[in-house]
Each structure stands twice: as C-alpha cells, then as structure tokens.
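# Survey of secondary and tertiary structure
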Amino acid sequence: MRSVAGEVFLLQLAVVMLLVAAAVVALVVQARSAAMLDARHRTLAAAGTFAESPGIVAALRSPHPSAVLQPRAQAARKIAEVDGINVYSLDGVTLTHRDPRQIGKRVVGPFSKAAAGKSFTETFQGSLGRSVVSVVPVKDPAGRVIAVVSSPVTVQNVQNMVNRQLPVVLGSAAAVLALSAGGTALVSRRLLRRTHGLGPAEMTRMYEHHDAVLHAVREGVLIVGSGGRLLLANDEARRLLDLPADAEGLPVADLGLEEAIAGPIASGRPATDELHMAADRLLALNIRPTAPYGPAGTVVTLRDTTELRALSGRAEVARERLKLLYDAGVQVGTTLNVERTAEELAQVAVPRFADVVTVDLLDPVLRGEEPPEASTEMRRTAVVGLRGDHPLSPVGELIRFAPTGPVAAGLAGGRAVLEADLRATHRWRAQHQANALQILDRGIHSLIVVPLRARGVVLGMAGYWRGQDSPAFDEEDVSFAEELTARAALSVDNARRYTREHHMAVTLQRSLLPRGVPEQSAVEVAHRYLAAQAGVGGDWFDVIPLPGARVALVVGDVVGHGLHAAATMGRMRTAVYNFSTLDLPPDELLSHLDELVAHIDTDEQEWQGITGATCLCAIYDPVSGQVTAATAGHPGPALVDPDGTVSFPEVPVSPPLGLGAGLPMETMTLTLPEGSRLALFTDGLIESRDRDPDAGLAALRAALAGPARTPEETCTVVIEAMLPARPSDDVALLVARTRRLDPARIAEWEVPPDPAAVSPVRNACARRLADWGLEDIAFTTELILSELITNAIRHGTEPIRVRLLYDRSLVCEVSDGSSTSPHLRRAEATDEGGRGLFLVAQFAERWGTRYTDRGKIIWSEQALQDGAAPPSMDLGEALLAGWDDEGF
C-alpha cells in the first residue's frame, strides 16, 4: 500500500465509492420525487374519472346517494390503487368514504376551489395522515357544481413504494462498486508491475536521479525504438551529434547525421567501442538491446575519444612495458647459471625495448664469489641483437671501461646513465675510440647503461642500445630500464649464490668421496659417480680393506642435494669406515650405523637430521670366496658369473637407516667363483621419472650380460646404456671382480691346548716362511705367534687354530673358541705377565680381534719389508720398552 500502485488503488476505490453513493442518493431522491408525482397524477385521475362517471349526477340527486355511490367508490378505489375515493356534498357532508363510519359526517377541507369549479391537488394532514389529495368538482349538465370528489394517497404509501425499489438500487450499486473495485485492482496491479512496487518518494527520487545522470553524464545516451525512431537523447548526445531541438520522435535517418554514424545507430546491432567519425569527432560507439529489461529497442552510448587518441599510443607503450616486465619475471632466472641468466636478460629486452643489449659482469660474480667494491673491469657475458662481426666487444672479453665513460659514471652514481644521441656526445667515445664510427655506421644512436645492483652490491652493468629507425631513449625509458635491470639483477645474484654453494658442495663432496681405490688383492675395482642435474647429491661408495686379506664394498645414498646431502654423506662414510676398523660383520656394522643415525635424528642440537639414508655393505673373503652382504633399505647387488649370466641375489632388506628401531639386520652369504663381478649401485641408476624399478633392473641385466669385461669396461657400458647425459638423480656405481688367494699361500695348523705344542707350531711356521722366501721376518713372526698361541692356550678354549696368509702383507691368525677379548696395557714392574701383546703391537704393523660364530680370531699384519721391527726401533729397544727404569 506504500507503493504508487497501492495509493492509486485506494484513491480510485474512494472515488468509485463516492460516485456510487451519490448515484444511490440521487436514485432514491429521484424515486421519491417520481413516486410523489405519480401519486398526484393517480389521485387526480381517479377523482376526475369518478366525477365524470355516468350516473353520478343522478345518484347525487337520488334520495340515498351514499347507498348508490359507496359501492362504486370502493370499486373505483381498488382499481385506481388509491387510499380512497370520497364524495362530499357542497355543504361538507361525506357521501362516500373508505371508512363507512365516516359517511354522513361533515368535514371541513380545502374544497372552496372545487366548489368554484376548479380541480386541484394538495398535500395536507388528513385522517389518514399526511396525504396527497386531488379534489375534482362534479357538475350537472347545466355546468353547476353539485358535489366534490377527492382521492387521497398517504405519503407513507408513497414511501413504501420507494422502499420497494431500494433493494434493486442498492444491489445495482453494490454490483457497480464491485465491478469498479475489480477494474481498479486490475489497473493497480498493472501499474504495480510497471512501477516495480516503488513508492512515490522512491519514484520521484529515481526520476530525479535518472534525469540528473542522464543529462549530467559525460557520455551521450540515445534510446532508439524498434522502428529506428529516436525516443530520447541526453544533452551530451545532442552536443556530440549536433541534434535539432525536436529530434526526439524522428527517425534516426532524418536527423541529418552522416551515414557512417547514422547507419550503426539505426541498425540496432550490438556494438562495443566501435570508432566512427561524426564531423570532426572520433566517437566510441556502444549499442546494447533494451530487451528483456524494457520494450524492444536499443540503448546507444557515445564517448568522445578525440582527446584519448593522442594518449592511446602512450597507453599501448605502457601496456607493452608492463607485459615486458611480466615476461622478464618469467623468462629471466629460469636456470641457476650466471651466464645463462645474463643471456636471458638480453634476450627478453631485444627487440621489445632495445635493438642491442650487452651484459658485463665482474669476474668474481661469474665464479660465484662475493663481488668486491665496484670495479670498471668487467667481462662481457652476453651480447644479443648483433650477428656476425660487430663493433662491440665479444662475449668472454675482459673490458676495462674508461673512467670518463658512461659506465664509470653509472658505477659512481649508482644509477642509470642516458646517452640519448651518441652522435652529439663524446663521453662514450672514450671507451670506443677505435670502433666508435663503426658503431654509428651500424645505425646505433642511443644508449642507456644501468648498474646490475642486488642487495646493495654491484654485480655488473647492462647496456641497452637503439639503432636504425627506433626512437632515441628518453627519461621514461631510463626508469623502465632501471626497473627491468633491478629485477634481472636479483636473478643474477641468486645464480651467483647458487654457483658459490654448488662449488662449495662439489669441493666438499670431492674431499669426502674416495679419491682412489686402496691397494688390496681381493677384488679388482672400478667405480663411477655422476652428479644429478640438480647438483651435488648424497650418493657415495667406499672400498675398505679388512684384516685377513678381505675387503668391504659399501654403497650408500642420502636423499637430497646440496651442502647438507654432501656433508651427511661424509658423516655416513666416516662412520662406516670407523665401524669397519672394529672388524664387524655387515649386519652388525649396519646395526651400529642405524643406531648412530637414529641418535643424530633425535639430537635437539642437530640442525637437520639424516633422513632417507640407505646403505649396502658386502664383505668378500678371497680365501673362501664367500661374500656376506646386508642392506638397510638399499637395492641389492647384481652378480655377473664368469660366463656372463646376470642374477640379482635376494638380500634380506631391512628398513632404511634411522628407522630400524633396534631390530637386528639379516645377511646373505654366497660363495662366488673366481672372476665373478659384483655390481653395487644406488637407486638413481635404475629409477627415473619415466622408468620404474623393474624396467630399470631389466635394462641393467641387459647391460651387464655378455662377454667377460674388466670392471672399468663394465662401468662404461652400464653408464652409457642406463643414463642420459644429465640424470635427474645422482648415481654411484661400484663394480668389483673377485679374485682367490692362491692356496699355496695359505698355511693352517691345529694346536693342542698344551704349552708344549707352541714350539712345534712355531717351527712349522718358520719352515713355511722359508718356503715363501720370508726369512727376513721369520724371527719376528715366530715371536708374534708364540705370544698369540700362548695366550690362546692359557686364556682360550678349544679348538685352537693357526693360519698364515701370504698376500701383500703377512697375516698371522690365531683362533680359539672363547669370546674373551685381550687388550693392550703397559705392565707394572712387579707384574709377571702383560707384556706379550705389547711386543705384538711393536713388531706388527697392525693387530686386532675379530669375533666369529664359534669364538674369536686374534690377527696381526706384518709389512713385507726388510727387518722385522720398525726402522726407528731395533729388537733390543723393543724388548726394553716393556719395562721402565724402576723395573731395573
């Protein structure tokens, strides 16, 4: 009801109700007036008719006129539908009356006019109440009035007649009111839809805003009907199109517009920012249909772009500059290579900003080092935009810039230097004295040099050159060049920092990886290490000689790349080497390594834990030909038999290092024929993004199979067959071809648990040494064996065995069934024993204890050189070293 439609509905309903009420009142009044008029006519007619009725004169002159006239009067009253037909004599005696009791009575009434011969009708208060009475005289043939006839009708009866008509009047009024209200409601509903339920204030405000916007907006607005007739035009449209005052209502074709602008406006087709000429103005035309928001037609907007045309070129340049900065952010710094990043800067700026770009960097930056203070000595790193022989310095040349040139000025001021016209200035010629004319002849005429500055440090200079038909650089170009160079400088500095870290990681890794293979006779070894495309990784290998002519082959992998991976790899290799000195079997060695890694991972002071580390350890004994291997999350080895058959022995796999939770490791033991090849590798050899491990193992099998090759040849064939030029993961490969120790160089004896058995065994060993040509070390060997056998008999249990191995050194081994371990100590002056192991340590190059499943082995190694004792100590000194001065 607050809307315009609601208010109109209420107003129309009130008007209809007033009209209906007025009509009803008028009808009632008209009915009453008509009823009174009808009563007058009826009474006059009834009285006149009775007065002129035949026989009335005779009846009046008869002796009893009432008896004759009374029946007639009653009958006439009913016929005339009046309240009575009364006959009065001239002297006022009632001759006939509706009430017979009134007959004969004298009445006084207004009958004087009738007695005078005139008829009349009046309203007066009679015996029946207020009535309408008509009085007519009765005349004889001679024209004399002989009586008076009156016919009354009461006003109440007249009112009853009107009241009988009131239901019809009121019903008609109600029907008219209902029909009017329904029609008003329909009209109001349609109005509600048209006004969208808006109230008067809202519609007024909308109209005011619409009118204000329509005429105040600085765009021309036209509304064109479906027939191409202009319906509305605002002030701006009238100004832009120079429309006449009576333009609204005319067809667009009759507005006097040029066809170039009138045709699109009248066509009604949609358009977006179409440019059309209207007189001397360039107008941007937009056309949109009004449907479904209104009746069919179009709304046309016009915008004067004459002034914007001059700015469009500058806006396009600004857009291109922004796009160039975006492209530079994407294309510069795609690699962490300093030279490549400099080339990307030059490539992204040519030809969209400059025709030629040169980039010069300080030598320390190219090496990844921290640049010194700004220097005018730089190395040309990139030249883009010139082909073939050109007058500018080539890539790789060391340039010493002149102190008066623009480069020196840019370094001193720390900002870009503009040489807008190289022909008009001579400052840049100091640097290009020999080829300045050649540069100008190539069409180069403008230059901007910008320092490559990142994090407060100058890394080099970037030169932007324009030539041929390109416009000269201006101050806006200088600002853009500084922004572009600043973004590229961060990428160059990131590449420099990566280069420095990469060099450090490579140096660290090279210092941690084996530089060569130690001398040993158990296996012939070759190895390869390939760094990943991402840089230095954590793959490593090692070959560790062990007592008893044995050798340990180890391959490990630490997930990740960079300094942390290299440092972690070094820690792992050092730990494995240290555990190997304890002469542990592979499973125990990996168990200790697992505990170490778990301890490091839980150390709160450790900046990063060792996560994702795996290791494979294999120990080969050339005496028995057995290899014992254990792995912690690492791929097992590949075995190539002498006939070229390749197999992958199933090594029990334990969890990666640091995740074992103290669980024991499992081992695999195989006896290998001489000439077999063991290939130990990291997962980068068989796994890649486009190859699963099974396919990698099949490819490795194919690469290893075939005729007998040396380990070096095997490594070459495997790397060429398995890996691309730049693998995604680093790879370590270790190939070992097994050898067997000549049985003639092995001597063994069973020793009874009797001290008297020491001498025969010692003598037998001396004879075997003589057979081997080792008489020079026979005495020291007999001394060492005497001490070791005596200790085994005294402190050990059966069985006691002695074994001599003649390899690169002489190895003496004494084994027994006990697990007690001897230890070296300096005997006191009063001690009766404790000096035997001291002598063994003095005369042997190395000695130690190795535990087995059935006891232990005490071993010693003697170098095959002249003399039994070290050069700095003779035999007497060695014996006396077991006592101090107080002992004498």
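Cut-off values and rules
- Residues numbered from 1 in each chain as written.
- Predicted model: local features only at pLDDT ≥ 70, side-chain atom pairs only at ≥ 80, totals over all residues.
- Heavy atoms only, no water.
- Buried < 20%, exposed > 50% of the residue type's maximum accessible area, 1.4 Å probe, protein only.
- Helix = DSSP H or I, 4+ residues; strand = E, 2+ residues; numbered from the N terminus.
- Pairing = 2+ DSSP bridges.
- Axes fitted to C-alpha atoms, helices over the stretch in contact; angles between N-to-C directions.
- Left-handed = near helix turned anticlockwise from the far one by under 90°.
- Contact = heavy atoms within 4.5 Å.
- Nonpolar A, V, L, I, M, F, W, Y, C, P; charged D, E, K, R; others polar.
- Expected span 1.5 Å × (residues − 1).
- Polar contact = N/O pair within 3.5 Å; in protein donor to acceptor, adjacent residues only side chain to side chain.
- pLDDT = per-residue confidence, 0-100.

Neither face of strand β1 (residues 86-89) is open: one carries N86 and Y88, the other V87 and S89, and all of them are buried. Counting the residues that bridge the hairpin from β1 to strand β2 (residues 94-96) gives four residues, and of these G92 lies at a positive phi of roughly 90°.

This paragraph deals with the packing of helix α19 (residues 758-771) against helix α20 (residues 778-795). Two numbers describe how α19 lies on α20: the axes approach to 10 Å, and their chain directions differ by 145°. For the crossing formed where α19 meets α20, the hand is right-handed. On α20, the residues touching V758, V761, R762, C765, A766 and L769 of α19 are A778, T781, E782, L785, S786, I789, T790 and I793. Class assignment of the residues belonging to the contact of α19 with α20 gives a composition of nine nonpolar, three polar and two charged.

Next up on the list: the sheet that holds strand β11 (residues 356-361). Here we have six strands laid out as an open sheet, ordered β13-β12-β11-β16-β15-β14, and antiparallel in their pairing. Lying at the two open borders of the sheet, with one neighbouring strand each, are β13 (398-400) and β14 (417-419). Shown here is a sheet whose adjacent strand axes are inclined to one another by a mean of 25°, direction ignored. Here helix α10 (residues 338-349) sits on the sheet in contact with β11, β12 (377-384), β15 (444-454) and β16 (457-467), set at roughly 50° to β12. On the sheet, helix α14 (residues 475-512) packs against β11, β14, β15 and β16 and is oriented at approximately 45° with respect to β15.

Under the 1.5 Å per step criterion, the end-to-end length of α14 is 55 Å for 38 residues, consistent within 8% with the ideal 56 Å. Between a side-chain oxygen at the N-terminus of α14 and the backbone nitrogen of E476 the separation is 3.2 Å; the capping residue is D474.

Between its terminal C-alpha atoms helix α3 (residues 65-80) stretches 21 Å, which fits the 22 Å expected from 16 residues at 1.5 Å a residue. One or two residues past the end of α3 sits E81, with phi positive at roughly 55°.

Strand order in the open sheet formed by five strands is β7-β6-β10-β9-β8, and the pairing between neighbours is antiparallel. Looking at strand neighbours, the two that pair on one side only are β7 (230-233) and β8 (271-278), the edges of this open sheet. Neighbour-to-neighbour, the strand axes of this sheet turn through a mean angle of 25°, independent of strand direction. With seven bridges joining them, strand β9 (residues 281-289) and strand β10 (residues 297-304) adopt antiparallel strand pairing. By the bridge assignment, P289 is partnered in β10 with T298.

Averaged over all residues, the pLDDT of the protein chain is 81; the fraction at 70 or higher stands at 87%. Predicted confidence in the protein chain is weakest over helix α22 (residues 875-880), with a mean pLDDT of 49, and strongest over strand β26 (residues 677-681), with 95. Predicted confidence is poor over residues 866-873, with pLDDT under 50, and the contacts of this stretch with residues over four places away or in other chains come to twelve contacts. For the stretch residues 878-888, pLDDT sits under 50, and the model shows 13 contacts to residues farther than four places along the chain or on other chains.

Let us now look at the side chain of D557. Within the secondary structure, D557 sits in strand β19 (residues 550-561). Here D557 is in contact with G538, D539, W540, G612, A613, T614, H634, T682 and D683, once residues within four sequence places are set aside.

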